[in-house]
Structures are given as C-alpha cells and as structure tokens.
Amino acid sequence: MTRIDMNSGGTAVSVRGLVKHYGETKALDGVDLDVREGTVMGVLGPNGAGKTTLVRILSTLLAPTSGEATVAGYDVLRQPRQLRRVIGLTGQYASVDEKLPGWENLYMIGRLLDLSRKDSRARADELLERFSLTDAAKRPASTYSGGMRRRLDLAASMIGHPQVLFLDEPTTGLDPRTRMEVWDEVKSMVGGGVTVLLTTQYMEEAEALASELTVVDHGKVVAGGAIDELKARVGGRALRIRPADPLQLRPLARALDDLGITGLATVTVDVESGTVLVPILSDEQLTAVVGAVSARGIVIASITTELPSLDEVFLSLTGHRAGAPQDSVPTHDREEVAV
Ligand SMILES: Nc1ncnc2c1ncn2[C@@H]1O[C@H](COP(=O)(O)OP(=O)(O)O)[C@@H](O)[C@H]1O
Ligand SMILES: [Mg+2]
C-alpha cells in the first residue's frame, strides 16, 4: 500500500462549505473544518447534529449536496477510490460479521483490501494480538462482549494501515470500563502516527482523546479550536466544596455569595452531591474563599479545583446541553467515569 508523503503539520482532512440535505432536513448546513496531520480532531455534538453524515461523506459512502472535502489530499467526489485506500472507518454500529470468528473477519477484510493471503494472515494475527483478542481469535464474534466487538471493529479499521481514521461514536453504549479500554486502544493508534477524526457525544471522550475540537449542532459548526482554548473561553477554575454537615450547604453558598468575588458566574449548589461550586480567577480568590468559610465556622469535608467541563463549554456556546433529548441516547453520568 502506498503512503502519500505529506509535510508534517499538513492538512489531513479539509472540509469547505459542506452541505447535505435530506429533503427538508439540513443534516449538514455549511461545515468547514481542518484536521492537521497526526492529530485527533473531536467532533462533538448531540444526537442528530450531523456527525455520522459528515463521516459518511468523508469516507465516500455518501455524496454531499454541495461543498468540498478532501482526505489525505484526495477529493471525496473526484478520487473516491484512492481516498478509500488511505482511510479506516469504525462506524457507530459494529460492522463485523457476527457468524465469523474474529480472525476470519480480519483475514477477510485483508483479502478485500487486496492483501496477499500471507499478508492477510500476518495482519490478522498481529492486530488480534495488539487488541488483546488472540485468545478469542477462533470464536465467532457473536460470542464476544461489547468491548471485544468494539476492539475487533477497531482492529478491522486498522488492517489497511490507514493514514486517516474515522471513528464514529466509538464508545456509545459501552460501559465506563470498556469505554476506557477503547480509549487506550485509540491512544495507542494515535501514538502510531495516524490522524483521527472522532465523533462523540461525550465531553470526557473528547477531553481524553482529542487535542482540537469542533462543536456541531444542527448541521452547523458552533465552536472550534484547541480544547484548552475553548475551556479558557468559558472561564477559569471552579472550587467544589463539600461541607462536613450537609445542612451547611446553603449557609456555605450564602457565605460565598456575600464574598462577591466571583465576577464571572454565580455560586451553584449541587444538593445531590452535597457540594457548592464557586468559580475563581486566582489563587488569592481561592485563599479568600477558604478564609471566609472558616470564619463562618463551617467545617469543610473536601475541596477540589475543577476546570470547566466540556459539558459546561457546550452549554455556554449553544445554550443547551450536548447529548440532550431528541433520540434515546444513553444518558451519560459524569460521576460514573471519574477515575
Ligand atoms: N438517510 C437519511 N434520511 C433522512 N434523514 C437523515 C438520514 N440520515 C440522517 N438524517 C437526518 O440528518 C440529521 C443528522 O443525522 P446524523 O448525521 O445521523 O447525526 P448524528 O450522527 O450527529 O446523530 C438528523 O436530523 C437525521 O435524522
Ligand atoms: Mg451518528
């Protein structure tokens, strides 16, 4: 398989004015985005935002209504055959043949990609090993757990040594532990130099894997940039304070309100977790907060600093939460995946 030499820092994926209409539905409504070679771009958006439509167009499975897109320098409309040879795709839904053993699945894909029998065998062995599936190599994929199937999917997408990998919601529907296994695999693929465009509804996922982020909503890009920059736009740190006595929650919030130092946003009481969240802009403010709390005689059980989550970033950029209603998306509990 030939690899195209691109200058380091070159553009692996370029999208300009991409539009896709399904009748009245504007699945994509003028999307621009660039993914630099060797980086992970997270495309974050709620269900129905247009993520899968974007991935399908970029992998030549779907023609755009208008606009342009290139992957590894190949035009999605004019050079689909060359383009397909340099990409890998893991769809939102598992694409392996359930009846076939894991090894057979990978071997067959190798053959479909024009690898020799010998190379297909070697690649299947190598990838099963890498994705910790060697022990299950001979079992039908139908007997695999969700995480194993997803790993087999990832292995399948790597067979052709892709330069650019599209991962469409790779962990949707997985339990938190399996999700982290998949994250580890993705990180190791990125370590190998592949460029990744990853769609997700999970802030944690984008934070864990991507360096840049494009936030999409209703077919439009609503924000984009380095993840850290996007966070910085939304504000500084926040202190999460848990009083030893839950009854002190509201007095604590009042004490902090009275301080009047928060400027950017207000003090939030989270009754469920028994904590108060207060935004701060400096270490001096942190010290003032702690001083004020102890001056009121409120005993603190724990105090942690938090960066704004992408959930909060999304909320402040779009006016609603990502992953919100519409379809039956598995709702994601942030506490569940906390490490
Ligand atoms: N084949 C299709 N026919 C009609 N509408 C579609 C089709 N595929 C997607 N859509 C619509 O396009 C919008 C974007 O869908 P999609 O790209 O699947 O979003 P996401 O992957 O972000 O959930 C949604 O409103 C969806 O209902
Ligand atoms: Mg989708």
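These numbers were taken from a predicted model, which means no experiment stands behind them.

1. Considering the packing of helix 9 (residues 249-259) against helix 10 (residues 283-295)
Packing of helix 9 against helix 10 brings their axes to within 10 Å, and their N-to-C directions diverge by 130 degrees. What the angle tells us is that helix 9 and helix 10 run oblique. Here helix 9 and helix 10 pass one another in a crossing that is right-handed. The residues of helix 10 that touch helix 9, namely those facing L252, L256 and L259, are A288, V289, A292 and V293. A breakdown of the residues in the contact of helix 9 with helix 10 according to their chemical character gives seven nonpolar, no polar and no charged.

2. Points about the pattern of salt bridges
Applying the stated criterion to the full structure yields eleven salt bridges. The shortest N-O distance in the salt bridge between E169 and K51 comes to 3.5 Å. With a gap of 118 residues between them, E169 in the loop between strand 7 (164-168) and helix 6 (176-191) and K51 in helix 1 (residues 51-58) connect regions that are remote in the sequence. The class for E169 is buried, based on a relative accessible area of 2%. Judged by relative accessible area, K51 falls into the buried class, the value being 4%. Among the salt bridges present, the one from E181 reaches R151, with a minimum N-O distance of 2.5 Å. One end of the pair, E181, is in helix 6; the other, R151, is in helix 5 (residues 146-158), with 30 residues separating them in the sequence. Ionic contacts of the salt-bridge type, sharing partners, join the residues R240, D270 and E306 into one network.

3. A word on the sheet that holds strand 1 (residues 11-22)
Strands sit in the order 2-1-4-5 across an open sheet of four strands; the sheet is antiparallel. The sheet is open, and its two borders are formed by strand 2 (25-36) and strand 5 (74-75), each paired with just one other strand. Inspection of the sheet shows strand 1 paired to strand 4 (residues 66-71) by five bridges, in the antiparallel sense. In the sheet register, V15 faces strand 4, and the bridge partner there is A69. Helix 1 contacts strand 1, strand 2 and strand 4 of the sheet and is inclined by roughly 120 degrees relative to strand 1.

4. Concerning the sheet that holds strand 3 (residues 40-44)
Strand pairing within a sheet occurs via backbone hydrogen bonds; the two strands may be parallel or antiparallel. Within the open sheet, the six strands sit side by side as 6-7-8-3-9-10. Their pairing is mixed. Only two strands of the sheet have a single neighbouring strand rather than two, namely strand 6 (87-90) and strand 10 (220-226). Between one strand axis and the next, the sheet turns by 15 degrees as a mean value, whatever way the strands run. Pairing geometry for strand 3 and strand 8 (residues 195-200), over five bridges, is parallel. Counterpart to L44 in the pairing with strand 8 is T200.

5. Points about helix 5
The terminal C-alpha atoms of helix 5, which comprises 13 residues, lie 19 Å apart, in line with the 18 Å expected from a rise of 1.5 Å per residue. Extensive coverage of helix 5 is indicated by the burial of eleven of its 13 residues. Among all positions of helix 5, only G147, M148, R150, R151, L152, D153, L154, A155, A156, S157 and M158 are buried. Where helix 5 is buried, its residues touch strand 6, helix 3 (102-112), helix 4 (117-130), strand 7 and helix 6.

6. Overview of the confidence of the model for the chain
Per-chain confidence: the chain averages 85 in pLDDT, with 84% of residues scoring 70 or above. Note on residues 325-339: pLDDT under 50 across the span, and 24 contacts to partners over four residues away in sequence or across chains.

7. Regarding the packing of aromatic side chains
The final tally for this structure, using the stated rule, is one aromatic pair. With centroids separated by 5.1 Å and ring planes inclined at 10 degrees, the aromatic side chains of W103 and Y107 adopt a geometry described as stacked. On the criterion of helical spacing, the pair formed by W103 and Y107 is a turn pair, its members being four residues apart in helix 3. On the basis of relative accessibility, which here comes to 16%, the residue Y107 falls in the buried class. Against the face of Y202 rests R179, its NZ or CZ located 4.1 Å from the ring centre.

8. As for the nonpolar core
Within the largest apolar cluster, 41 residues are counted, with the highest numbers of intra-cluster contacts made by L106, F131, L152 and M189. Among the elements that line this core, the one with the most residues is helix 5, at six residues. Discounting chain neighbours no more than four positions away, the residues touching L106 are A124, L127, L128, L152, A155, A156 and I159. Counting residues in hydrophobic clusters, the runner-up holds 28 residues, among them L62, V86, I87 and L197.

Rules used in this analysis
Residues numbered from 1 in each chain as written. Chains lettered and ligands numbered in written order. Predicted model: local features only at pLDDT ≥ 70, side-chain atom pairs only at ≥ 80, totals over all residues. Heavy atoms only, no water. Axes fitted to C-alpha atoms, helices over the stretch in contact; angles between N-to-C directions. Helix = DSSP H or I, 4+ residues; strand = E, 2+ residues; numbered from the N terminus. Parallel < 35°, antiparallel > 145°, perpendicular 65-115°, else oblique. Left-handed = near helix turned anticlockwise from the far one by under 90°. Contact = heavy atoms within 4.5 Å. Nonpolar A, V, L, I, M, F, W, Y, C, P; charged D, E, K, R; others polar. Salt bridge = Lys/Arg side-chain N within 4 Å of Asp/Glu carboxyl O. Buried < 20%, exposed > 50% of the residue type's maximum accessible area, 1.4 Å probe, protein only. Pairing = 2+ DSSP bridges. Expected span 1.5 Å × (residues − 1). pLDDT = per-residue confidence, 0-100. Phe/Tyr/Trp six-rings, centres within 6.5 Å; stacked < 30°, edge-to-face > 60°. Lys NZ or Arg CZ within 6 Å of the ring centre and 35° of its normal. Core = buried A, V, L, I, M, F, W, Y, C linked by side-chain atoms within 4.5 Å.

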